[in-house]
Amino acid sequence: MLKSARKQETDPEGRMPLVEHLRELRNRLAKALLGIVIVTIVAAFFYREIIEFFTDPVLKSVGCDVSFADLAKKEHTCARIVLNGLLTPFTLALKVSLMAGIVLASPVWLYQLWAFVAPGLHKHEKKYSLAFVGAGFPLFLAGGFFAYKTLPTMARVLLDFSPGGVDNQLPLDELLDLITRMVVVFGLSFELPLLLVMLNFGGIITGKRMLGWWRGMIMGITVFAALATPSTDPLTMLALAGPIWVLYFVATAISLLNDRRKAQLAAAGPADDEASELDLAPEAIDEIEPVSSSRSLPTQASSDRDRVDGYDDIT
């Protein structure tokens with residue numbers, strides 16, 4: 001079994017040689033990969049259900065329930081999901097299983113990453129990092145949920161550009177790639193407010209400055225949402241931009257409260273068990289006073305009886 005190198009340490013501060021750090025990193029990576037492999041194998045037995053989970057909303061929105069012969073007679077546009085190639089079903093099953101393994105095993109490899117980094121952090125740094133990780137994962141899931149809900153509308157709008165009498169076939173691998181990109185883009189975009197809060201807690205930006213950016217941020221978020229969504233309908237764009245607007249103002253409010261808390265702590269001064277900060281700013285130097293120099297040392301000026309030819313001793 002892979003044992004952590006830190007369990008064998010004797011240093012109370014958790015310091016280890018470089019070789020021990022590399023061994024610890026190797027063990028953590030091995031455990032993370034083992035967790036991903038196990039979850040991937042389990043997900044391989046349910047890859048059909050996973051594919052149906054992502055494609056069913058699209059099929060219910062634009063799916064064809066008639067034959068291609070009757071499709072030309074229908075007034076509305078629809079599409080069919082197809083697979084091209086003999087090896088495509090097998091490679092698609094591997095791809096879906098691996099992606100599901102990476103996502104579903106994220107608690108395992110995130111914990112291994114945290115366990116490797118945590119011993120080098122201070123107590124308050126551990127508290128902040130745990131809070132940010134705990135908030136970041138739900139925010140990413142919320143962004144992915146919005147992407148999942150807007151996919152049917154996006155598919156319907158995009159297929160409306162099809163000319164009349166043309167059959168629409170959606171390759172399943174390309175459709176899953178599009179869904180994955182949408183989920184990742186929506187999920188990462190929901191992390192923007194968390195990034196701003198982290199910068200505020202780190203003292204890089206203030207809540208007042210963030211509040212002054214609100215016009216530019218609304219415009220920038222809107223442009224980003226228009227570029228990130230492949231459809232041209234405003235509903236999908238607003239589905240992405242609207243929640244980010246709200247989260248931005250929530251992050252601004254949190255930053256303003258944090259700035260007020262810091263100001264109150266600074267006004268109250270240090271606690272009883274804390275040392276006050278030293279003022280290391282250089283002070284102005286007064287005018288230099290001239291000092292007269294003596295032509296001889298005091299001991300030499302006091303007595304010359306032991307001096308011979310200018311020397312202190314007759315030897």
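Above this text you will find the structure in question.
Fair warning: this is a prediction, and the values are worked out from it, not measured in the lab.

Colleague: Talk me through the packing of aromatic side chains; I want residue IDs and the actual numbers.
Modeller: For the structure shown, the criterion picks out six aromatic pairs. Arranged with centres 6.4 Å apart and planes meeting at 85°, the rings of Phe-145 and Phe-146 form a pair that is edge-to-face. Centroid distance Tyr-248 to Phe-249: 5.6 Å. Interplanar angle 70°. Geometry classified as edge-to-face. Accessibility expressed as a relative area gives 2% for Tyr-248, which makes it buried. Each residue in the set Phe-53, Phe-54 and Tyr-148 is aromatic and connected to the rest through ring pairs, giving one cluster.

Colleague: Hey, could you go over the environment of Lys-60 for me, with residue numbers and the actual values?
Modeller: If you trace the backbone, Lys-60 turns up in helix H2 (residues 47–62). Remark: the alpha-carbon pair of Lys-60 and Pro-152, spanning 92 residues in sequence, is separated by 7.8 Å.

Colleague: Just give me the short version of the pattern of salt bridges, but keep the residues and values in it.
Modeller: According to the stated counting rule, one finds three salt bridges in the structure shown. The shortest N-O distance in the salt bridge between Glu-20 and Arg-23 comes to 2.8 Å. A residue pair is termed a helical-turn pair when its members lie 3 or 4 positions apart in one helix, as Glu-20 and Arg-23 do in helix H1 (residues 18–44) at three residues. Judged by its relative accessible area of 23%, Glu-20 falls in the partly exposed class. Since its relative accessible area comes to 33%, Arg-23 is described here as partly exposed.

Colleague: Please set out the nonpolar core residue by residue, giving values where relevant.
Modeller: By size, the foremost hydrophobic cluster in this structure holds 32 residues, and its most contacted members are Ile-51, Leu-92, Val-96, Leu-176, Met-182, Met-210 and Leu-240. The set of elements that each furnish at least two residues to this core consists of H2, helix H4 (88–104), helix H6 (123–159), helix H7 (172–189), helix H8 (192–201), helix H10 (214–228) and helix H11 (234–268). The residues contacting Met-210, other than those within four sequence positions of it, are Leu-196, Ile-205, Tyr-248, Ala-251, Thr-252 and Ser-255. In this structure, Val-58, Ala-79, Ala-155 and Leu-159 belong to the second largest nonpolar core, which totals five residues.

About the cut-offs
- Residues numbered from 1 in each chain as written.
- Predicted model: local features only at pLDDT ≥ 70, side-chain atom pairs only at ≥ 80, totals over all residues.
- Heavy atoms only, no water.
- Phe/Tyr/Trp six-rings, centres within 6.5 Å; stacked < 30°, edge-to-face > 60°.
- Buried < 20%, exposed > 50% of the residue type's maximum accessible area, 1.4 Å probe, protein only.
- Helix = DSSP H or I, 4+ residues; strand = E, 2+ residues; numbered from the N terminus.
- Salt bridge = Lys/Arg side-chain N within 4 Å of Asp/Glu carboxyl O.
- Core = buried A, V, L, I, M, F, W, Y, C linked by side-chain atoms within 4.5 Å.
- Contact = heavy atoms within 4.5 Å.

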